[in-house]
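Spelled out from the first residue to the last, the chains are:
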Amino acid sequence: MTHEHTVARPFGELITAMVSPFTPDGALDLDGVQRLAAHLVDEQGNDALVINGTAGESPTTTDAEKEALVRAVVEAVGDRAKVLAGVGTNDTRHTIELALSAEKAGAHGLLVVTPYYNKPPQAGLLRHFTAVADASGLPILLYDIPHRSGVPIETETLVRLAEHQRIVGVKDAKGDLVATSWVLARTDLAYYSGDDAGTLPALAVGAVGIVGTSTHFTGPQTKAMIQAYARGDVAEALALHRRVLPLFTGIFRTQGTILVKAGLALQGLPSGPVRSPLVDATPEQVEQLRADAAACGLELAA
């Protein structure tokens, strides 16, 4: 038995998981953070931004830096875009602390990743996500990314979690469109593709948008693709998908944050170095990124 539901877009269609600009010595560049956030909303067309996700190098930022990042972005763009704070860790207590901190800092929603490394069973995932949703008043996107976390959020677990009024959607990086189809058939969860190149296939089974990485550069084209599909112009959506495919995939030739920061630097936008254990892009990687962008009809230059 399927579940009839209307499509909700609690955070719009186009969301970018924003990198965290640093100064040359590796400190947080809050002025750069605000300028980059404004660029992503005003020039790239983002409806929302994820702050403190993996793209934002959350494994290497302190809790205080995470709160400062949320405050800075809310101040810069919170009047015209939603600000989602990544708060997920592999410790439920710490995740709740980060959720409350983000709520206090003005975030409009939370992104909560599956606890990683300690590989909890599904009963543990259910308890973890429910505890976070109970503790905060903010709407939550679950982040299902088993190739990083080690554990998928199984369909039955997602169906049960969807009963919570504050669990409103999923950033889906599972790569299993059949499982995604079943969750969408049985719940009102809003699905956002967590795989840039998989966005169009995800839309075909009921997803509403993307939480992207290459969308630091491909925002207008990606949003046009989503909107073309929504209005039934599948041919145009497919043409746009193919046009931006070189960056959808090319941004992940190495770890995505590395190449996003390299591309932003080419454009004269705030970026800075990455923090260890990441390493900055090599000259060869930067040239390949230029070529991938050029294949999309985009020039990465100031």
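Residues numbered from 1 in each chain as written. Predicted model: local features only at pLDDT ≥ 70, side-chain atom pairs only at ≥ 80, totals over all residues. Heavy atoms only, no water.

1. A few points about the UniProt feature "binding site: pyruvate" (unreviewed entry) in the protein
Turning to step 1, where the next piece is worked out: Per the UniProt record, the feature "binding site: pyruvate" (unreviewed entry) sits at Val-211.
Turning to step 2, where the next piece is worked out: Here Val-211 lies in strand β8 (residues 209–212).
Turning to step 3, where the next piece is worked out: On the basis of relative accessibility, which here comes to 2%, the residue Val-211 falls in the buried class.
Turning to step 4, where the next piece is worked out: Residues in contact with Val-211, not counting those within four places in the same chain, are Ile-15, Ala-17, Val-50, Leu-141, Lys-171, Tyr-192, Ser-193, Gly-194 and Asp-196. (UniProt positions renumbered as here; feature names shortened; annotations may be inferred. Helix = DSSP H or I, 4+ residues; strand = E, 2+ residues; numbered from the N terminus. Buried < 20%, exposed > 50% of the residue type's maximum accessible area, 1.4 Å probe, protein only. Contact = heavy atoms within 4.5 Å.)

2. Notes on the sheet that holds strand β2 (residues 48–51)
Turning to step 1, where the next piece is worked out: The sheet built from eight strands closes into a barrel, its strands ordered β1-β2-β3-β4-β5-β6-β7-β8 with parallel pairing. With direction set aside, neighbouring strand axes in the sheet form an average angle of 25°.
Turning to step 2, where the next piece is worked out: In this structure, strand β1 (residues 14–17) lies alongside β8, joined through three bridges in parallel fashion. Bridge assignment links Leu-14 to a residue of β8, and that residue is Ile-210. (Pairing = 2+ DSSP bridges. Axes fitted to C-alpha atoms, helices over the stretch in contact; angles between N-to-C directions.)

3. A closer look at the environment of Pro-24
Turning to step 1, where the next piece is worked out: As for its placement among the helices and strands, Pro-24 is situated in the loop between β1 and α1 (30–42).
Turning to step 2, where the next piece is worked out: Classification of Pro-24 as exposed rests on a relative accessible area of 83%.
Turning to step 3, where the next piece is worked out: Separated by 147 residues in sequence, Pro-24 and Lys-171 place their C-alpha atoms 32 Å apart.

4. A word on the UniProt feature "active site" (unreviewed entry) in the protein
Turning to step 1, where the next piece is worked out: Under the UniProt annotation, "active site" (unreviewed entry) lies at Tyr-143 and Lys-171. Sequence-wise these annotated residues cover 29 residues; spatially they are packed, their C-alpha atoms never more than 4.7 Å apart. Within this annotated set, the largest pocket is lined by Tyr-143.
Turning to step 2, where the next piece is worked out: Mapped onto the fold, Tyr-143 is located in strand β5 (residues 140–144).
Turning to step 3, where the next piece is worked out: Relative to the helices and strands, Lys-171 is located in strand β6 (residues 167–172).
Turning to step 4, where the next piece is worked out: What Lys-171 contacts, discounting residues up to four positions off in sequence, is Leu-111, Leu-141, Leu-142, Tyr-143, Asp-144, Tyr-192, Gly-194 and Val-211. (1 Å grid on protein atoms, 1.4 Å probe; cavity = no way out; pocket = protein on both sides within 12 Å on 5 of 7 lines; lining within 4 Å.)

5. Quick word on the pairing of strand β4 (residues 109–113)
Turning to step 1, where the next piece is worked out: Counting buried residues in β4 gives five out of five residues, a clear majority hidden from the surface.
Turning to step 2, where the next piece is worked out: In this sheet, β4 lies alongside strand β3 (residues 82–86) in parallel orientation, the contact comprising three bridges. Paired with Ala-85 across the two strands is Leu-110, which belongs to β4.
Turning to step 3, where the next piece is worked out: A crossover connection joins β4 to the parallel β5 through helix α4 (residues 122–135); in handedness this β-α-β unit is right-handed. (Right-handed = clockwise from strand over helix to strand, strands pointing away.)

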